[in-house]
Amino acid sequence: MTFSAYHATWSPEGAPAAAPPYGETYPVQLPDGSTLTLPLRALPGGEQAIALLMANQTGFAVERELVRLLTEMVGPLAPEAVVGVPTMGLAYARPVAEKLGMGDYVALGHSRKFWYDDSLAIPLTSSTSPDQTKHLYLDPALMERVRGRRVVVIDDVLNTGRTAVAAVRLLERAGACVVAIAAVLTEGWAWRAALEAATPGAVPPVHALGHIPLFGGQAGNWRPLPGT
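This one's a predicted model, so the numbers in the text were calculated from it and none came from an experiment.

Moving on to the packing of helix α1 (residues 60-74) against helix α2 (residues 90-99). Relative orientation of the contacting elements α1 and α2 amounts to 60°, with a least axis distance of 9 Å. The angle between the axes of α1 and α2 places the two elements in the oblique class. Of the two elements, α1 crosses α2, and the hand of that crossing is right-handed. For the pair α1 and α2, contact is made by Leu66, Val67, Leu70 and Thr71 and by Tyr92, Pro95, Val96 and Lys99, respectively. Here the residues of the contact of α1 with α2 are counted per class, giving 6 nonpolar, 1 polar and 1 charged.

Now the structure itself:
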């Protein structure tokens, strides 16, 4: 199976409202009226598709606009620290923190260094690698950047919500006050149930620049699935 080169585009003037079915791309309307156009990729089996945002393959011009919009969204939350979720969330967390005038940010990770403390680790099962249990780590040297501070967690796309849940638990364990989770996009609504189950009565508000549904049908004829 072959794929065309990954390509996401941003248009400042927006795009006409598009109705299903969708062919090879899906336009996401952003808060300022601009449009992020994402490629559609069929999932294994060929009966469903997702709109794909890959931060490490996105052009710099698109990245700059997404960082600008994220900064505008996160700024009013008055965070005292910005925390990036691996892997793709790190690409946005660092420049957002810098634009907010912060001197640093915090990168969570999946790789355990020898000086890490197991108390600052949360087991994590990836939706793309369900047979492999990873861990989400906070470097003990960075605890003072989040302890007692208002923290915003930044990710690229919220899907299952597993990583977001692990990040919130880990940061609260470190003494942080997680005031919000910010993402470029939300995808489907499974993340909402995961957060509510993990933090009943105290779910951090989720802010996103846009939403992408899951798609059903066949290549070139994709339609949003009901309820997504």
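Looking now at α2. Buried within α2 are the following residues: Tyr92, Ala93, Val96 and Ala97. Projected down its long axis, α2 carries its buried residues within an arc of 125°, all on one side. Exposed and facing more than 90 degrees away from the buried side of α2 are Arg94, Glu98 and Lys99. Elements in contact with the buried residues of α2: α1, β5 (81-84), β9 (150-158) and β10 (177-187). Backbone geometry just downstream of α2 places glycine 101 in the positive-phi region, at approximately 85°.

Let us look at the sheet that holds strand β11 (residues 206-212). The 5 strands lie next to each other as β6-β5-β9-β10-β11, forming an open sheet whose pairing is parallel. The open sheet has two free edges, formed respectively by β6 (106-107) and β11, since each of these has just one partner strand. Of the strands in this sheet, β5, β9 and β10 are in contact with helix α3 (residues 162-173), which crosses β10 at around 165°.

Before going further, it helps to examine the environment of glutamate 24. Residue position: glutamate 24 is located in the loop between β1 (9-11) and β2 (25-29). For glutamate 24, a relative accessible area of 66% gives the class exposed. Linking glutamate 24 and proline 39, residues 15 residues apart in sequence, is a C-alpha distance of 5.8 Å.

Bringing the nonpolar core into the picture now. By size, the foremost hydrophobic cluster in this structure holds 40 residues, and its most contacted members are Leu38, Leu66, Tyr92 and Leu185. In terms of residue count, the dominant contributor to this core is α1 (7 residues). What leucine 66 contacts, discounting residues up to four positions off in sequence, is Leu30, Leu36, Leu53, Tyr92, Val184 and Leu209. Listed in part, the 30 residues of the second largest apolar core include Val83, Val85, Ala164 and Ala167.

In this structure the tally under the stated criterion is 7 aromatic pairs. Residues tyrosine 22 and phenylalanine 215 carry aromatic rings whose centres are separated by 6.0 Å and whose planes lie at 85° to one another, so their mutual orientation is edge-to-face. A residue pair is termed long-range when its members are at least 10 positions apart, and tyrosine 22 in the loop between β1 and β2 and phenylalanine 215 in strand β12 (residues 215-218) qualify at 193 residues. Both residues of the pair, tyrosine 22 and phenylalanine 215, belong to the buried class. Aromatic pair tyrosine 116 and tyrosine 137: ring centres 5.7 Å apart, planes at 50°, arrangement tilted. Residue tyrosine 116 is found in the loop between β6 and β7 (121-125), and its partner tyrosine 137 is found in strand β8 (residues 133-137); the two are separated by 21 residues along the sequence. Judged by relative accessible area, which is 15%, tyrosine 116 ranks as buried.

Rules and cut-offs
Residues numbered from 1 in each chain as written. Predicted model: local features only at pLDDT ≥ 70, side-chain atom pairs only at ≥ 80, totals over all residues. Heavy atoms only, no water. Axes fitted to C-alpha atoms, helices over the stretch in contact; angles between N-to-C directions. Helix = DSSP H or I, 4+ residues; strand = E, 2+ residues; numbered from the N terminus. Parallel < 35°, antiparallel > 145°, perpendicular 65-115°, else oblique. Left-handed = near helix turned anticlockwise from the far one by under 90°. Contact = heavy atoms within 4.5 Å. Nonpolar A, V, L, I, M, F, W, Y, C, P; charged D, E, K, R; others polar. Buried < 20%, exposed > 50% of the residue type's maximum accessible area, 1.4 Å probe, protein only. Arc of directions from axis to C-beta. Pairing = 2+ DSSP bridges. Core = buried A, V, L, I, M, F, W, Y, C linked by side-chain atoms within 4.5 Å. Phe/Tyr/Trp six-rings, centres within 6.5 Å; stacked < 30°, edge-to-face > 60°.

Honestly, it's all geometry; don't read function into it.
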